[in-house]
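# A structural walkthrough
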Amino acid sequence: MSLYKPVKVALWIFCHLVARVRARGRANIPGKGPFILLSNHQSILDPIFIQAHCPREVHSMTKSTQFAQPFFRWVIPRLHGFPTRRYKVDPQAVRISLRLLAQGHGVGIYPEGERSWDGALQPLRRGAIRLALKAGVPVIPCGISGSYGVLPRWSRRPRRGRVTIHFGEPIVFGRHDHKAEREAVLERTRTLLEEALSRAIDPEEA
Amino acid sequence: MALADLLYRCPECGHDPVMGVGDEARCGACGRHFGRADARGRIRVTDPDGSSRSRSAAELTRAIAGHGGPLTAASQPGGSILYRAEALMRQSTSEAPVYFRKRLLGFAESYGGSRSGVLEASDDVLRFREGDGPVFDWGLLDIRALQTSSSTVQITPRHGAMAQFRFVSDSPRRWEELICHLLSEAWLRAGRGRIVEFQPRIVVR
């Protein structure tokens, strides 16, 4: 039983109760076929904002700690979340991502690895870049702005504000099957993606 | 968590620590007050004379880094580092498979019971003392990854289980920065190179 569609409606309502949400560039999400959605991470609410406003279903790489409690272990997979162990290299998370992409799904990744303490974009983890290079599918840089103001990492009280989600234009790096190919372009790709994410984040609301 | 977790020392005068509850914090030395300013995540800084201004969180964290980050309170005469705080420690005991529709999605760790004690950081070791109970040591050169997860700090040693620390009255951000600094220094001293990434494993260049 997938809860994705009914929960998405509930999430959309929730989003508009806690914030004035504006989604731009929804046409940049491919109508069909695989894609990777790379987003910055300012708030615990980001996955909710993105899932509610992305026109396609997104399977999100979720930190394994979230699966510690039985309820979340039951519910997160039904919302298309799958675990990744961030305290070690997790080949299973990569396998699942590649399998989902091969099946034509969208995979969502927060390449900073953890919510930003101060709202600023943090360096992107290499694992996410390697996955994008290995998969060779369109990468959508998704800049979320304003969610830090709604609920920053250090606060427990949400405050209504304006949130902008900007789905950027797809970037296609091509498929890099061999490790040496990926490593050769890793830093350049990371810089390119960090620049694309920075452009997608609205400076007025970041 | 609280604003004092972000602003663990005063971004204006550098005093360490800043005290506070929830979305408010106050520096005991210069008397400045910090609070959540508006829905854009900016922080209102109020001087003792009542004048106030709003600054972004990123500006304030850069100012803390400019004061030396977590190091002043941890530095001892002679240049060595020693810092301690009350913490709850849990270790991962196993990794259980997560299935959905009979397909393996991945693995998630399970944790053992929580131990209450004091975590100490020094130039070469992280040590957790559980009251009168056992002492756990992790040599900095044996730590393979460091990360924060919500309000906790997690370390992955080369041998043994991942350990997670939740601080009773100290900032996880301070500890993240402190351990990052200590690891970087220790690895550099040992000739292993400059650490450029701490998770999912330490990468040096």
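The model shown is predicted, which means the values in this text are computed figures rather than measured ones. (Residues numbered from 1 in each chain as written. Chains lettered and ligands numbered in written order. Predicted model: local features only at pLDDT ≥ 70, side-chain atom pairs only at ≥ 80, totals over all residues.)

## A few points about the sheet that holds strand 2 (residues 24-26) of chain B
Residue and element names in this part refer to chain B. Strands sit in the order 1-2-3-4-5 across an open sheet of 5 strands; the sheet is antiparallel. Every interior strand has two partners, whereas the edge strands, strand 1 (19-21) and strand 5 (52-55), have only one. On average, each strand axis in the sheet is tilted by 20° relative to the strand beside it, whichever way the strands run. In this sheet, strand 3 (residues 33-36) lies alongside strand 2 in antiparallel orientation, the contact comprising 3 bridges. Residue E24 lies in a different strand from strand 3, and its bridge partner there is G35. (Pairing = 2+ DSSP bridges. Helix = DSSP H or I, 4+ residues; strand = E, 2+ residues; numbered from the N terminus. Axes fitted to C-alpha atoms, helices over the stretch in contact; angles between N-to-C directions.)

## What about unusual backbone geometry?
Residues and elements named next belong to chain B. Here D16 and P17 are connected by a cis peptide whose omega angle stands at 5°. Tracing the backbone through its elements, the reader meets P17 in the loop between helix 1 (3-6) and strand 1. Between Q199 and the following residue, P200, the backbone shows a cis peptide bond with an omega angle of 0°. Phi is positive for S150, which is not a glycine, with a value near 55°.

## Thoughts on the confidence of the model for chain B
When pLDDT is averaged along chain B, the result is 94; 100% of the residues meet or exceed 70. The ipTM for the predicted assembly is 0.91, set against a pTM of 0.93. (pLDDT = per-residue confidence, 0-100.)

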